Amino acid sequence: MASYYEEFIQRHEFENPLNRIVYEIVNCIKLRKDYNGAVGLILQNKITLEDVALRTVRLSLNDFITLADTLISRK
């Protein structure tokens, strides 16, 4: 029984760091309406809007469009 748990722990993959960054981006938008802060995180971590869209369902279409507009205007 102990060997089963040891094997499971050794094969466990830790959370993808990209998921944590997308979570922070979504929190910037949903909690603070800080689109510039979210764009700063996107540019700092060199991720794409596709990464954000694939990893969250919490953003409404309007939030996503505003984020895209802010990102385009900053580049």
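Computed from a predicted structure; not experimentally measured.

*Asks:* Is there a simple way to think about the environment of isoleucine 47 in this case?
*Replies:* Assignment of secondary structure puts isoleucine 47 in the loop between helix 3 (35-45) and helix 4 (49-55). Since its relative accessible area comes to 10%, isoleucine 47 is described here as buried. Sequence separation between isoleucine 47 and isoleucine 21 is 26 residues; the distance between their C-alpha atoms is 9.1 Å. Sequence-distant contacts of isoleucine 47, that is, excluding residues within four places in its chain, are made with Leu18, Ile21, Val22, Ile25, Ile42 and Val52.

*Asks:* Just to check I follow, could you spell out helix 3 for this structure?
*Replies:* Two residues of an α-helix separated by three or four positions point the same way, owing to the 3.6 residues in each turn. Within helix 3 the residues assigned to the buried category are Tyr35, Ala38, Val39, Leu41 and Ile42. The buried residues of helix 3 occupy one face: seen down the axis, they fall within an arc of 155°. Buried residues along helix 3 sit in contact with helix 2 (17-32), helix 4 and helix 5 (61-74). Directly after helix 3, the chain includes lysine 46, whose backbone phi takes a positive value near 55°.

Conventions used here
- Residues numbered from 1 in each chain as written.
- Predicted model: local features only at pLDDT ≥ 70, side-chain atom pairs only at ≥ 80, totals over all residues.
- Heavy atoms only, no water.
- Helix = DSSP H or I, 4+ residues; strand = E, 2+ residues; numbered from the N terminus.
- Buried < 20%, exposed > 50% of the residue type's maximum accessible area, 1.4 Å probe, protein only.
- Contact = heavy atoms within 4.5 Å.
- Arc of directions from axis to C-beta.

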